[in-house]
Amino acid sequence: MLLTVWIPIVLTVLPVSYLAWSFIGIDRKSAAAVQNNLQAVAPAVASVVQDDQRATRLARRLTPAAYEARLDRLLARAGRPASMPLSRLLTAKALLTLAAAVVSLLIFSARPGVLMILLGCFLTALCYFIPDLRIISQGQERQKAIQLELADTLDQMLISVEAGLGFESAMSRAAANGKGPLAEELGRTLQDMQMGRPRRDAYEALAERTSVPDLTSFIRAVVQADVYGIGLAKVLRTQAKQMRIKRRQRAEEKAMKLPVLVLFPLLFFIFPTLFIIILGPAVINIVNALSSGALGGLSGLGR
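Residues numbered from 1 in each chain as written. Predicted model: local features only at pLDDT ≥ 70, side-chain atom pairs only at ≥ 80, totals over all residues. Heavy atoms only, no water.

**Q** Would you mind showing me how to read the overall build of the protein chain here?
**A** Helix and strand content of the protein chain: 11 helices and 0 strands. Along the protein chain, helices (α) and strands (β) appear in the sequence α-α-α-α-α-α-α-α-α-α-α when read from the amino end. For the protein chain, the residues scored as buried account for 31% of the 303 residues in total. Excluding contacts between residues fewer than 6 apart, the proportion of contacts in the protein chain whose partners are at least 24 apart in sequence is 63%. Summing over all exposed atoms, the protein chain offers an accessible surface of approximately 19,600 Å²; the carbon and sulfur share of this is 67%. (Helix = DSSP H or I, 4+ residues; strand = E, 2+ residues; numbered from the N terminus. Buried < 20%, exposed > 50% of the residue type's maximum accessible area, 1.4 Å probe, protein only. Contact = heavy atoms within 4.5 Å. Areas by Shrake-Rupley, 256 points an atom, 1.4 Å probe, with all protein chains shown as cover.)

**Q** In this structure, what is going on with the pattern of salt bridges? I would like to understand it.
**A** Pairing between side chains becomes possible if they bear opposite charge and their charged atoms approach one another. Here the structure, examined in full by the defined rule, presents 16 salt bridges. Each member of the salt-bridge network shares a partner with another, and the members are Arg-142, Glu-184, Glu-185, Asp-192, Arg-197 and Arg-209. (Salt bridge = Lys/Arg side-chain N within 4 Å of Asp/Glu carboxyl O.)

**Q** Looking at this structure, how should I read the nonpolar core?
**A** The tendency in soluble globular proteins is for nonpolar side chains to be buried side by side. With 29 residues, the main nonpolar core has Met-157 and Phe-218 as its most contacted residues. Those elements that provide at least two residues to this core are helix H6 (114-162), helix H7 (167-177), helix H8 (181-194), helix H9 (199-209), helix H10 (213-228) and helix H11 (232-302). In contact with Met-157, not counting residues within four places along its chain, are Phe-167, Ala-170, Met-171, Ala-174, Phe-218 and Leu-236. Ranked by size, the runner-up nonpolar core spans 11 residues in total, among them Tyr-67, Leu-89, Leu-90 and Ile-135. (Core = buried A, V, L, I, M, F, W, Y, C linked by side-chain atoms within 4.5 Å.)

**Q** When you look at the packing of helix H4 (residues 65-77) against helix H5 (residues 86-110) in this model, what are you seeing that I'm missing?
**A** Between two packed helices, what matters for the description is the angle formed by their axes and the separation of those axes. At a minimum axis distance of 10 Å, the contact between H4 and H5 shows a crossing angle of 120°. On the basis of the axis angle, H4 is oblique to H5. Handedness of the crossing formed by H4 with H5: right-handed. Along the contact surface, H4 presents Tyr-67, Glu-68, Leu-71, Asp-72 and Leu-75, while H5 presents Leu-86, Leu-89, Leu-90 and Lys-93. Broken down by class, the residue content of the contact of H4 with H5 amounts to 6 nonpolar, no polar and 3 charged. (Axes fitted to C-alpha atoms, helices over the stretch in contact; angles between N-to-C directions. Parallel < 35°, antiparallel > 145°, perpendicular 65-115°, else oblique. Left-handed = near helix turned anticlockwise from the far one by under 90°. Nonpolar A, V, L, I, M, F, W, Y, C, P; charged D, E, K, R; others polar.)

**Q** So what exactly am I meant to see when it comes to H6 here?
**A** Residues that lie three or four places apart on an α-helix share one face, since the helix turns once every 3.6 residues. Taking 1.5 Å of rise per residue, the 49 residues of H6 would be expected to cover 72 Å, and the 70 Å separating its terminal C-alpha atoms lies within 8% of that figure. Its axis deflected by about 40° at Leu-150, H6 carries its strongest bend there. One or two residues past the end of H6 sits Gly-164, with phi positive at roughly 120°. (Expected span 1.5 Å × (residues − 1). Bend = angle between axes of the 7 residues up to and from the residue.)

**Q** Before we go on, may I ask you to explain H8 in this structure?
**A** Taking 1.5 Å of rise per residue, 14 residues should cover 20 Å, and H8 covers 20 Å from first to last C-alpha, within 8% of that figure. Of all the positions in H8, only Pro-181, Leu-182, Ala-183, Glu-185, Leu-186, Gly-187, Thr-189, Leu-190, Asp-192 and Met-193 are classed as buried. Considering only its buried residues, H8 is in contact with H4, H6, H7, H9 and H10. The positive-phi residue at the C-terminal boundary of H8 is Gly-196, with phi of around 105°.

**Q** Can you walk me through the packing of aromatic side chains in this structure?
**A** What describes a pair of aromatic rings is the distance from one ring centre to the other and the angle between the planes of the rings. All chains considered together, the criterion is met by 4 aromatic pairs. Considering the side-chain rings of Phe-167 and Tyr-203, the 6.2 Å spacing of their centres and the 90° angle between planes classify their relative orientation as edge-to-face. Note that Phe-167 is positioned in helix H7 and Tyr-203 in helix H9, a separation of 36 residues in sequence. An aromatic cluster is defined as three or more aromatic residues linked by ring pairs; in this entry it consists of Tyr-67, Tyr-128 and Phe-129. Its guanidinium or amino end placed over the ring of Tyr-128, Lys-93 lies 3.7 Å from that ring's centre, counting from NZ or CZ. (Phe/Tyr/Trp six-rings, centres within 6.5 Å; stacked < 30°, edge-to-face > 60°. Lys NZ or Arg CZ within 6 Å of the ring centre and 35° of its normal.)

**Q** Before we go on, may I ask you to explain empty space enclosed by the protein in this structure?
**A** In this structure the tally under the stated criterion is 2 cavities of 30 Å³ or more. Here the largest cavity defines a volume of roughly 40 Å³. Mapped onto the lining of the largest cavity, the elements with two or more residues apiece are H6, H8 and H10. The element best represented in the lining of the largest cavity is H6, accounting for 4 residues. Its residues assigned to classes, the lining of the largest cavity shows 9 nonpolar, 1 polar and no charged. Looking at the second largest cavity, its volume works out to about 30 Å³. As for the second largest cavity, its lining consists of Gln-147, Leu-150, Ala-151, Asp-214, Met-243, Lys-246, Arg-247 and Arg-250. (1 Å grid on protein atoms, 1.4 Å probe; cavity = no way out; pocket = protein on both sides within 12 Å on 5 of 7 lines; lining within 4 Å. Points joined across faces, edges and corners; volume = space filled by probe spheres on them.)

This is the structure in structure tokens:
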């Protein structure tokens, strides 16, 4: 009975999910260009793009504005991956929730009960927040990479400034030579300033796009130095020294936590095995000795 229920569900959900993802995976810019160029000769393609846009608008209407702004901040911390823009994320959440609700209704119709209702609600909520968990995980990994790269990047900028380059030129060199997320953020900050954005606003936007406290403190120090006319070489030297000290302290903190993390595997996996290997032969010998003594005593009583 269980197989007859699950096989139709799987055969229905998988094709629907594939078709939904194929609609979501359309690049908006490329699709708009194709729609403008081929609208006269290919109305079918234009209708597909319009359907995708309708799904995106419907997903935006169903999502609260505050929650949409929070998702936008999470995407900014994750580096705004090209495979998951905000519109695609909202549409994916709506379609996953709809698929989970359909599966939950099918399960409830096959086996009605309070437990099935709770399971359906949990499955629907889980499918709704799965894209959020993925974006949050990507953002956390990216922030860790920025924190690790910050000290070396400040050292490069300090060397460039002491060699005679300006602060923005040093930032441009660090962004060009680097390959991680911090280099990408520095490059984006330079692009904002080239587009006419004020320098202070560009620096504050860099701090808002990340959640690294060390980078935020560095941006604040640079902004204050720019306001009060303090030499940036001195600020860079002080900040680079502090970042190296903090990186060493974080490494020492992780090293101090290792014994505690290793304690539970030792207690539950390694120590029982050692006890079995060491005490096992002795226990077997004791059992054999006691059993042979008992048999000898019984034979003596029989005589």
